[in-house]
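# Overview (structure and organization)
Residues per chain, in single letters:
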Amino acid sequence: MADEDDGRWPDWLTVCRDGAPHAPGAVVLDGAATRTRPALFAALAGALALPTHLGSTWDALSDVLRDRLDTGPLTLLIDDAGELLVDEPAGQYALLLSVLGDLAATAPHPLRVVLRDAPTT
């Protein structure tokens, strides 16, 4: 495993280029299937069985993820993470990280996000 986490990243975020970090029980998303915000929201809703009233705003996503984190810890593993939100304006990726960072800092249970640049083979 070539882990790129050398202290530049917050504790809740791991970025790696190849190999798989130890992430038992992780919810795995395919970055290629999350190139747009609606696609990301749909992938998260499907993988986490989020409520149908999810909506399409970052605030709505934050609310339902916070509700999910009320029930226990969550690890999201995004394969091919270089594709994540690439069809959206650059600011959307930053907003996603901001939402996730806020949740990681304030949710009652831990949130861990692993961005893996290379998909598993």
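Read on for an overview of the structure. These figures come from a predicted structure and were not determined experimentally. (Residues numbered from 1 in each chain as written. Predicted model: local features only at pLDDT ≥ 70, side-chain atom pairs only at ≥ 80, totals over all residues. Heavy atoms only, no water.)

### What about the overall build of the protein?
Each helix and strand counted, the protein has three helices and five strands in total. Each helix and strand of the protein, ordered N terminal to C terminal, gives the series β-β-β-α-α-β-α-β. Burial statistics for the protein: of 121 residues in total, 38% are counted as buried. For the protein, contacts bridging at least 24 residues in sequence account for 67% of all contacts bridging at least 6. Summing over all exposed atoms, the protein offers an accessible surface of approximately 6,200 Å²; the carbon and sulfur share of this is 54%. (Helix = DSSP H or I, 4+ residues; strand = E, 2+ residues; numbered from the N terminus. Buried < 20%, exposed > 50% of the residue type's maximum accessible area, 1.4 Å probe, protein only. Contact = heavy atoms within 4.5 Å. Areas by Shrake-Rupley, 256 points an atom, 1.4 Å probe, with all protein chains shown as cover.)

### Details of the pattern of salt bridges
Scanning all chains against the criterion turns up four salt bridges. Between Asp79 and Arg116 there is a salt bridge, and its shortest N-O distance comes to 2.4 Å. One end of the pair, Asp79, is in strand β4 (residues 74-79); the other, Arg116, is in strand β5 (residues 111-116), and 37 residues separate them in sequence. Linked by salt bridges that have partners in common, Arg35, Glu83 and Asp87 make up one network. (Salt bridge = Lys/Arg side-chain N within 4 Å of Asp/Glu carboxyl O.)

### Quick notes on the environment of Arg37
Tracing the backbone shows Arg37 in helix α1 (residues 37-48). Expressed as a C-alpha distance, the spacing of Arg37 and Asp87, which sit 50 residues apart in the sequence, is 8.6 Å. The contact partners of Arg37, leaving out residues within four places of it in the chain, are Ser56, Trp58, Leu85, Glu88 and Gln92.

### Section: the packing of α1 against helix α2 (residues 58-69)
Where α1 contacts α2, the two axes come as close as 12 Å, and the packing angle between them is 15°. Classified by the interaxial angle, the pair formed by α1 and α2 is roughly parallel. When you trace α1 past α2, the crossing you get is left-handed. Touching Arg37, Leu40, Phe41, Leu44 and Leu48 of α1 are Trp58, Leu61 and Leu65, all from α2. The residue makeup of the contact of α1 with α2, split by class, is seven nonpolar, no polar and one charged. (Axes fitted to C-alpha atoms, helices over the stretch in contact; angles between N-to-C directions. Parallel < 35°, antiparallel > 145°, perpendicular 65-115°, else oblique. Left-handed = near helix turned anticlockwise from the far one by under 90°. Nonpolar A, V, L, I, M, F, W, Y, C, P; charged D, E, K, R; others polar.)

### Observations concerning the packing of α2 against helix α3 (residues 90-106)
For the pair α2 and α3, the least separation of the axes is 10 Å and the interaxial angle reads 30°. If you check the angle between α2 and α3, you find them roughly parallel. Of the two possible hands of crossing, α2 and α3 adopt the one that is right-handed. Along the contact surface, α2 presents Trp58, Leu61, Ser62, Leu65, Arg66 and Leu69, while α3 presents Gln92, Leu95, Leu96, Val99, Leu100, Asp102, Leu103 and Thr106. Along the lines of polarity and charge, the residues of the contact of α2 with α3 split into nine nonpolar, three polar and two charged.

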